[in-house]
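Structural overview
Here is what each chain is made of, one letter per residue.
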Amino acid sequence: LEGLARYRPAAEHHNASLAIREQVLGTSHPLVARSLLRLSAAMQGFDRVDAVYATLVRARMVLDPSGSIELADVSPPTGAAPKEPEGSPELDDALDLARCFDQLGLLERAREDFDLAARLHARAVALMEHTLGPEHRDIGYALVNLGLALADQRRHPEALPHLRRGLDVWTKTLPPGHPDLGFAHLNLANSLWATGQSESAREHYGMAKTIWESAMG
């Protein structure tokens, strides 16, 4: 249903699934968190921002009830992800928690709390690397989101390594000409321009333009 942009019916189905899992498994089971994440994704399709935020916070509390997974300080501009803390969740739960942090980061960016957004995205990167390895395409999204949250604060020198690494991951994992590659080149170009690297910025602006022109036929 979500693939057909039928977000409200999709949310109703996810809500029904959530109710069943809560009844059968209890409210603190990790599969309940997974249902909450799917419900939040569907609700984003019809702009229920406050409800989405509350649903994601609830998912986080199911996956990390003690709050033991602290938010990361943003790593220095080396492209290295924050070290994963000891006692982290099981792999599947850690991946769900990573996606929860990444989505919460996007909402915090919308609320213009860019520092909190950056720390949420940084934790998402660390957890994804722990579960997926360093070059999974989902890590590219978290890296780009982290770079954008830093760029929103005009911290462009810190944003650049994350934006570069996100582009590199996507170049390896997405089909050539994928529209997201265009966005990655554009975001990188913006931070390059802001740091005075105009020649490199123009190169990436041109790459973004070429990708989008090709995608539009």
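Residues numbered from 1 in each chain as written. Predicted model: local features only at pLDDT ≥ 70, side-chain atom pairs only at ≥ 80, totals over all residues. Heavy atoms only, no water.

Attention now moves to the pattern of salt bridges. What the rule picks out here adds up to 11 salt bridges. Residue Arg 58 is joined to Glu 22 by a salt bridge in which the shortest nitrogen-to-oxygen separation is 1.9 Å. Residue Arg 58 is located in helix H3 (residues 49–63), and its partner Glu 22 is located in helix H1 (residues 7–25); the two are separated by 36 residues in the primary sequence. Between Asp 115 and Arg 119 there is a salt bridge, with the nearest N and O atoms lying 3.4 Å from each other. Taken as a pair, Asp 115 and Arg 119 lie in helix H5 (residues 114–132) at a separation of 4 residues, close to a single helical turn. (Salt bridge = Lys/Arg side-chain N within 4 Å of Asp/Glu carboxyl O. Helix = DSSP H or I, 4+ residues; strand = E, 2+ residues; numbered from the N terminus.)

A cluster of nonpolar side chains, namely Ile 20, Val 24 and Leu 25, defines an oily patch on the protein surface of about 290 Å² accessible area. Note that Ile 20 resides in helix H1. (Patch = residues over 30% accessible without salt bridge, like charges linked within 9 Å, V, L, I, M, F, W, Y side chains within 5 Å. Areas by Shrake-Rupley, 256 points an atom, 1.4 Å probe, with all protein chains shown as cover.)

Here we come to the packing of H3 against helix H4 (residues 91–110). Two measures define how a pair of helices packs: the angle their axes make with one another and the distance between the axes. As a packed pair, H3 and H4 sit with axes 10 Å apart at the nearest point and diverge in direction by 150°. It follows that H3 is roughly antiparallel to H4 by the angle criterion. Pair H3 / H4 crosses with left-handed handedness. Contact residues: Val 49, Val 52, Tyr 53, Leu 56, Val 57, Ala 59, Arg 60 and Leu 63 in H3; Asp 93, Asp 96, Leu 97, Cys 100, Phe 101, Gln 103, Leu 104, Leu 107 and Glu 108 in H4. Taken together, the residues of the contact of H3 with H4 break down into 12 nonpolar, 1 polar and 4 charged. (Axes fitted to C-alpha atoms, helices over the stretch in contact; angles between N-to-C directions. Parallel < 35°, antiparallel > 145°, perpendicular 65-115°, else oblique. Left-handed = near helix turned anticlockwise from the far one by under 90°. Contact = heavy atoms within 4.5 Å. Nonpolar A, V, L, I, M, F, W, Y, C, P; charged D, E, K, R; others polar.)

This part is about the packing of aromatic side chains. The full count for this structure, using the stated rule, is 2 aromatic pairs. Above the face of the Tyr 53 ring, Arg 111 is positioned so that its terminal group lies 3.9 Å from the ring centre. (Phe/Tyr/Trp six-rings, centres within 6.5 Å; stacked < 30°, edge-to-face > 60°. Lys NZ or Arg CZ within 6 Å of the ring centre and 35° of its normal.)

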